[in-house]
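Overview (structure and organization)
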Amino acid sequence: MGESDLNSRGPAVVSVVSSGEQDLNPGDKTKIAAATTRMLPVQAPVNILIVDDEPKNLTVLEAILDAPGYRLVRAESAEQALLALLADEFALLILDIRMPGVTGLELAQMIKARKKTASVPIIFLTAYYDDDQHILEGYETGAVDYAKKPVNPAILRSKVGIFAELYRKQRNLEEVNRALVAEVCSRRHAEEQLRELNNTLEQRVAERTASLQLSEARLRDSEHQLQELIAAIPAAIYTTDAQGKITYFNEAATELVGHTPTTGSDEWCVTWKLYHPNGTPLPYDQCPMAIALKEGRAIRNAEVVAERPDGTRVPFIPYPTPLRDGAGKIVGAINMLVDVSERKQAETQQRILLNELNHRVKNNMQMLQILLEAGARRAESSEAREVLDEASGRVMAMAAAQRVLYTTHDATRFNARDFLNAVCETANQTFPQELDIDYEADAIQLSNDAAMPLALIANELLTNAVKYGLNGKGTGTIRVRLRREDESILFYVEDDGPGFDLQSVQRRSSGLALVQGLARQLGGKFEVTGIPATRCCVRFQ
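Below you will find a few notes about this structure. Please read all numbers here as calculations on a predicted model, not as lab measurements.

**Topic: the pattern of salt bridges**
This structure, assessed with the given rule, holds 24 salt bridges. Between Asp 88 and Arg 71 there is a salt bridge, with its nearest N and O atoms 3.7 Å apart. Pair noted here: Asp 88 is in the loop between α4 (78-87) and β3 (92-96) and Arg 71 is in strand β2 (residues 70-75), with a separation of 17 residues, a long-range link. A residue is classified by how much of its surface remains accessible, and Arg 71, at 38% relative accessible area, is partly exposed. Members of the salt-bridge network, linked through shared partners, are Arg 479, Glu 494, Asp 496 and Arg 535.

Laid out in structure tokens, this is it:
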């Protein structure tokens, strides 16, 4: 909404006051002024919807716009954004243009096509479009502003602040106008009632009856229109009363659950049977709709499995939301069931492909290691054997890290303890039996990008400690630690050897040069200290 929209509402308020002012005495005016003052809300937080398919981008926007005056609602897809707009009213929509599936421009067109959300201002964010044609395309779809990534925090906060203030002013004006209109209408209605006291009781009853009939007719029309709207939506939707009895369901709901529910008697859910994702039965009075009604809150991201009468099962995500009357009392609820069968099948297929990839990578690494070991055995010079043995050790370290990556349930992070155990035990297989590796890691999660560099660093430092830190004895203890310190991660290998000066040996040691390069790849730094023991450490974020 621009400044002209605010100006266009101003005269409407003034005209209402002027029309009723002549009929009110000073005491009445004082009451209206007091009522108007009460209607002006304090600076309550306004809703701002931020939409981006990258969670880290949403986190950045939340950090930039973190303020008591804003309630930030996240959406990682067009579907989540539309559901949020269906459930809440928003002062502003900050929308990323490039999203998989439905793009930001397409989502903006859908939002502007709906009467309820057509007036919501949209700020587009993009890191890809910078020519006039794309900018014009964004404004044609309904954008009021355009910002490029990376976002300038001060500029974005300033823009958002302007739209939030305009939204508050608009709502204040609307509340004041409604209060004044209601007061004036109430006064006029009272005067009309006084004039009608001379009419007969029969006439008043007839008029009252006609008014009730008209209200009931309008209510029936509204309910019919609502049912037609819900029936037209391709998603499975049903409603209940405050006690959980089914009051309405559309055809898509019957297609999803495989049977026709009975309105007025079936409770909580339209499904034939319900199960948890792990296959255990889910009682109806504990389903998401029951919880939403009992606790008076919307339930999100609770996956459930429905069983049809023919025995087939359908995984779905429900979105139960309580419905309230003007006084805030719960009068029922509405639920939308989103079938996620295709997503589950895609996840299963993805896991199969990942397992196949893991198997092939593991076989290739084993083959490479065998070739390196065979080459080392056939090599005539000790220098060539040493180079091939070092390469074989590095491949073994990478293979150990790879096993951890592809056995974790998280596709983006790995457990530090599992990782250090795999790398140290693999390296220990090539060291003397009398050697003891004492390793320990904190319970932390690291990014997959750190796995291979860190595995190679561990292999180089362990190998170096065995060669030079045990004084040629082949016995002793090497200590390995992977810890979190403040905001950084510390990895070190420590031994009781004589130590060395990094500056003097790094030029002739290819292994240390590799460690320094890998440390830079992690965004960290490699250091060597000698007190109280020789410690080679890498600190990174």
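**A closer look at a nonpolar patch on the surface**
Taken together, the side chains of Leu 226, Leu 229 and Ile 233 define a hydrophobic patch exposed on the protein surface, amounting to about 270 Å² of accessible area. With respect to the helices and strands, the residue Leu 229 is situated in helix α8 (residues 201-232). Using a relative accessible area of 53% as the deciding quantity, one classes Leu 229 as exposed.

**Here we look at the nonpolar core**
Burial of nonpolar side chains together is a common tendency in soluble globular proteins. Phe 419, Leu 462, Val 480, Leu 482, Phe 491 and Phe 526 are the most contacted members of the largest nonpolar core, which totals 48 residues. Broken down by element, this core gets its largest block of residues, ten residues, from helix α14 (residues 451-468). What Leu 482 contacts, discounting residues up to four positions off in sequence, is Ala 416, Phe 419, Leu 420, Glu 440, Ala 441, Asp 442, Leu 446, Leu 454, Ile 489, Leu 490 and Phe 491. If you look at the next biggest cluster of nonpolar residues, it comprises 24 residues, including Tyr 238, Leu 274, Leu 282 and Val 314.

**Re the sheet that holds β2**
Read from one edge to the other, the open sheet built from five strands follows the order β2-β1-β3-β4-β5, with strand pairing classed as parallel. In the strand order of this sheet, the two ends are held by β2 and β5 (143-148), each with one partner. Looking at each pair of strands side by side, their axes are set apart by 20° on average, direction ignored. Direction of pairing for strand β1 (residues 46-51) relative to β3: parallel, over a ladder of four bridges.

**As for helix α10 (residues 288-295)**
The complete set of buried residues in α10 reads Pro 288, Met 289, Ala 290, Ala 292 and Leu 293. Check the buried side of α10 and you find it contacts β6 (236-241), β9 (304-307), β10 (313-318), β11 (321-324) and β12 (330-339). Count one or two residues on from α10 and you reach Gly 296, which has phi positive near 65°.

**Overview of the side chain of Asp 145**
Its place among the elements puts Asp 145 in strand β5. The class of Asp 145 is buried, set by a relative accessible area of 16%.

**Let's talk about the environment of Gly 469**
Among the structural elements, Gly 469 can be located in the loop between α14 and β16 (476-485). When sequence neighbours within four positions are dropped, the list of residues in contact with Gly 469 reads Asn 464, Asp 495, Asp 496 and Gly 497.

**As for the sheet that holds strand β14 (residues 435-441)**
Spatial ordering of the open sheet is given by β14-β16-β17-β19-β18, a layout of five strands whose pairing is mixed. Either end of the sheet is taken by a strand with one partner, and the two such strands are β14 and β18 (525-529). Along the sheet, successive strands turn relative to each other by an average axial angle of 15°, direction set aside. Packed on one face of the sheet, α14 meets β14, β16, β17 (488-495), β18 and β19 (534-540) and runs near 20° to β17.

**A word on the packing of helix α12 (residues 382-405) against α14**
It is the contact of α12 with α14, at a shortest axis distance of 9 Å, that shows an interaxial angle of 135°. Of the possible angle classes, the one that applies to α12 and α14 is oblique. Handedness of the α12/α14 crossing: right-handed. Contacts from Glu 386, Glu 390, Gly 393, Arg 394, Ala 397, Met 398, Ala 401, Gln 402 and Leu 405 in α12 reach Ala 451, Met 452, Ala 455, Leu 456, Asn 459, Glu 460 and Lys 467 in α14. Split by residue class, the contact of α12 with α14 holds eight nonpolar, three polar and five charged.

So, how was this worked out
- Residues numbered from 1 in each chain as written.
- Predicted model: local features only at pLDDT ≥ 70, side-chain atom pairs only at ≥ 80, totals over all residues.
- Heavy atoms only, no water.
- Salt bridge = Lys/Arg side-chain N within 4 Å of Asp/Glu carboxyl O.
- Helix = DSSP H or I, 4+ residues; strand = E, 2+ residues; numbered from the N terminus.
- Buried < 20%, exposed > 50% of the residue type's maximum accessible area, 1.4 Å probe, protein only.
- Patch = residues over 30% accessible without salt bridge, like charges linked within 9 Å, V, L, I, M, F, W, Y side chains within 5 Å.
- Areas by Shrake-Rupley, 256 points an atom, 1.4 Å probe, with all protein chains shown as cover.
- Core = buried A, V, L, I, M, F, W, Y, C linked by side-chain atoms within 4.5 Å.
- Contact = heavy atoms within 4.5 Å.
- Pairing = 2+ DSSP bridges.
- Axes fitted to C-alpha atoms, helices over the stretch in contact; angles between N-to-C directions.
- Parallel < 35°, antiparallel > 145°, perpendicular 65-115°, else oblique.
- Left-handed = near helix turned anticlockwise from the far one by under 90°.
- Nonpolar A, V, L, I, M, F, W, Y, C, P; charged D, E, K, R; others polar.

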